[in-house]
Amino acid sequence: MAILRHLYIFLLLFFLNISLTSCYQTFEPDLNSDPVLCMNSEIMPGKPITLFLTRTWNWTEGSYHNMDVNVRDAEVRLIVNGDYKETLTPEEIDNGYNPASPYPQIRPCYQSSYCPEPGDIIRLEATSQKYGKAWAEVTVPETVEIQRLELRNVDVFCLGNQEGFPAIKEECEYLISFNTLVHFTDPSDAGNYYDVKVGTSSYMTNDWSHEVAYAQSVIPDFNNEPLFTEHVSVLESAIADTSGYTIFSDRQINGKTYPLKIGFRDCEFYYLNPDDNEAPKEYGIVITLRHINSAYYKHVISLWESNDALVGALGGIGLANPVYPYSNVSTGAGVVAAYAISQVTIPFVELISMANSE
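Criteria and thresholds
- Residues numbered from 1 in each chain as written.
- Predicted model: local features only at pLDDT ≥ 70, side-chain atom pairs only at ≥ 80, totals over all residues.
- Heavy atoms only, no water.
- Pairing = 2+ DSSP bridges.
- Helix = DSSP H or I, 4+ residues; strand = E, 2+ residues; numbered from the N terminus.
- Polar contact = N/O pair within 3.5 Å; in protein donor to acceptor, adjacent residues only side chain to side chain.
- Axes fitted to C-alpha atoms, helices over the stretch in contact; angles between N-to-C directions.
- Disulfide = S-S within 2.5 Å.
- Buried < 20%, exposed > 50% of the residue type's maximum accessible area, 1.4 Å probe, protein only.
- Contact = heavy atoms within 4.5 Å.
- Expected span 1.5 Å × (residues − 1).
- Core = buried A, V, L, I, M, F, W, Y, C linked by side-chain atoms within 4.5 Å.
- 1 Å grid on protein atoms, 1.4 Å probe; cavity = no way out; pocket = protein on both sides within 12 Å on 5 of 7 lines; lining within 4 Å.
- Points joined across faces, edges and corners; volume = space filled by probe spheres on them.
- Nonpolar A, V, L, I, M, F, W, Y, C, P; charged D, E, K, R; others polar.
- Salt bridge = Lys/Arg side-chain N within 4 Å of Asp/Glu carboxyl O.
- Phe/Tyr/Trp six-rings, centres within 6.5 Å; stacked < 30°, edge-to-face > 60°.

Asker: Quick question: what am I supposed to make of the pairing of strand β15 (residues 257–272) here?
Answerer: As paired strands, strand β10 (residues 172–185) and β15 are joined by 13 bridges and run antiparallel to one another. Looking at β15, one finds that E173 is bridged to Y270. As defined by bridge partners, strand β12 (residues 212–217) adjoins β15 across five bridges and the pair is classed as antiparallel. Paired with S217 across the two strands is E268, which belongs to β15. By the bridge criterion, two bridges tie strand β13 (residues 220–221) to β15 in an arrangement that is antiparallel.

Structure representation (structure tokens):
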């Protein structure tokens, strides 16, 4: 009887699935929603504010690439610590050519002359005759300094079948792997949030045939740092994508000094410096610790929940409520972030010298 009962359940689900699939049809929902203002900005101490102001749109209007949703005729007021400071000026900025970017090379924006200071309460108020009003308010964080950097397990291999290492100024392509401990102290006040960025320092030469310092690839390994996955549940760690996120809170390290663990594997680095100039020797990997506001932290976490977490996957098939990106803008569109940065550079030449000395 138990076998028959399981068979009945299987047949019921089978025919239910057929009946449901036969009810599918193509339709276009009639969405009666008016566009509202969308605000996006990244505010840093000591730098003028740049605000990108657009409008929302329905997916039936077409692709963002084929539309101009920028709002150019709005009035944007800057309020600092409760007092009116200025009205932002409409400008256009050059993003630089990037074929992978969804944004056009020239973007309209609004800019301030005022440079915020740590602790400032910044409020942006935008008013458009066509799309209404929007506002957002953030507190500019203090800088949390990177106090010390430890380099461990430095492994350098010079391609080209040379015996040993060539002189540091001779031309060579290197593969470099190493681990780092990035020490910082979390302020004792509650509610601090961070993220980590990795890149390379800027270096330009007019004669690549004579002087080269160039990283073909720099791929950080964040898998050994548990703070980067503190938002992931035990179940999600087994079935969800947890890689690529370097955002974390201080709930496990409040008021403590902590070493972030970041690794690098097989970084490809080209080097030629026959004249032993200083600029190529300073080129290296830049690690940035950003002390961010809570709204930006919540925004990134909501993106992870929507795209990679279990609740987002269930919401995508109708088995849970959908997860929408968090916004600190009054209209619910966009995010105004604020952060202060601390950076440290690891010159490639220093890594090569460490390997040579071992």
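Asker: How do you make sense of the side chain of E86 when you look at a structure like this?
Answerer: Its place among the elements puts E86 in strand β4 (residues 83–87). Polar side-chain contacts of E86 include one of 2.8 Å to the backbone nitrogen of Y114.

Asker: Any chance you could explain the sheet that holds strand β7 (residues 121–128) here in plain terms?
Answerer: Paired through backbone hydrogen bonds, the strands of a sheet run either parallel or antiparallel to each other. Reading across from one edge, β4-β3-β7-β8 is the order of the four strands in this open sheet, with antiparallel pairing throughout. Where the open sheet ends on each side, the last strands, each with one partner, are β4 and β8 (132–139). The average undirected angle you get between the axes of adjacent strands in this sheet is 20 degrees. Of the pairings in the sheet, the one linking strand β3 (residues 75–80) to β7 comprises six bridges and is antiparallel in character. Across the sheet, E75 pairs through a bridge with T127, a residue of β7.

Asker: Would you mind going over the state of the cysteines with me for this structure?
Answerer: Working definition of a disulfide: a covalent bond connecting the sulfur atoms of two cysteines. In this structure the tally under the stated criterion is one disulfide. Paired through a disulfide, C158 and C172 show a sulfur-sulfur distance of 1.8 Å. Taking the sign of the S-S torsion, 125 degrees for the link of C158 and C172, the bridge is right-handed. Taken together, the positions of C158 in strand β9 (residues 146–158) and C172 in strand β10 put the pair 14 residues apart, joining distant regions of the chain. Judged by its relative accessible area of 6%, C172 is buried.

Asker: Sorry if this is basic, but what is going on with the sheet that holds strand β17 (residues 334–347) here?
Answerer: Strand order in this open sheet of eight strands is β5-β6-β2-β1-β17-β16-β11-β14, and the pairing throughout is mixed. A single partner strand is all that each edge strand has here, and the edge strands are β5 (89–94) and β14 (247–249). For this sheet, the mean angle separating the axes of adjacent strands, direction not counted, is 35 degrees. In this sheet, β17 lies alongside strand β1 (residues 37–43) in parallel orientation, the contact comprising five bridges. Directly across from E42, in β17, lies its bridge partner A337. In the packing of helix α4 (residues 294–307) onto the sheet, contacts are made with β11 (193–200), β14, β16 (284–292) and β17, and the angle to β14 comes to roughly 125 degrees.

Asker: What's the story with α4 in this structure? I'm lost.
Answerer: For an α-helix, the turn length of 3.6 residues means that residues three or four places apart are oriented alike. Look at α4: 20 Å from first C-alpha to last across 14 residues, which is about the 20 Å you get at 1.5 Å a residue. Of all the residues in α4, the buried ones are A295, Y296, Y297, H299, V300, I301, S302 and W304.

Asker: I would appreciate a short explanation of the nonpolar core in the present structure.
Answerer: Looking at soluble globular proteins, one finds that nonpolar side chains tend to be buried together. The biggest cluster of nonpolar side chains holds 40 residues, and the ones touching the most others in it are I176, F248 and L260. Only β9, β10, β11, β12, β15, β16, β17 and α6 (348–357) provide two or more residues apiece to this core. If one sorts the elements of this core by residue count, β15 sits on top with seven residues. I43, L51, Y114 and A136 belong to the second largest nonpolar core, which has 25 residues in total.

Asker: In this structure, what is going on with the layout of surface pockets? I would like to understand it.
Answerer: Over the atoms a probe the size of a water molecule is rolled, and this reveals where empty space is left. Taken as a whole, the second largest pocket encloses approximately 420 Å³ of empty space. Lining the second largest pocket are 20 residues; nearest its centre among them are S41, E42, I43, A337 and Y339. A class-by-class count of the residues in the lining of the second largest pocket yields 13 nonpolar, four polar and three charged.

Asker: In this structure, what is going on with the pattern of salt bridges? I would like to understand it.
Answerer: When their charged atoms lie close together, side chains carrying opposite charge are able to pair. Per the stated rule, a full pass over the model turns up twelve salt bridges. Here E150 makes a salt bridge to R152, at a shortest N to O gap of 3.1 Å. The partner of K281 in a salt bridge is E278, with the nearest N and O atoms 3.0 Å apart. Of the two residues, K281 and E278 both sit in helix α3 (residues 278–282), three residues apart, roughly one turn of that helix. A cluster of three or more residues bridged by salt bridges with shared partners is formed by R77, R123, E125 and E137.

Asker: Mind showing me how you'd approach the packing of aromatic side chains here?
Answerer: Ring pairs (aromatic) are described by centroid distance and by the angle formed between their planes. For the structure on display, the rule yields 14 aromatic pairs. For the pair F228 and F248, a centre-to-centre distance of 5.7 Å together with 55 degrees between the ring planes defines the contact as tilted. On the criterion of sequence distance, the pair formed by F228 in the loop between β13 and α2 (234–239) and F248 in strand β14 is long-range, its members being 20 residues apart. Since its relative accessible area comes to 1%, F228 is described here as buried. Note on F248: relative accessible area 0%, which makes it buried. Taken together through their ring pairs, the aromatic side chains of Y174, Y203, F269, Y271, Y283 and F348 make up a single cluster.

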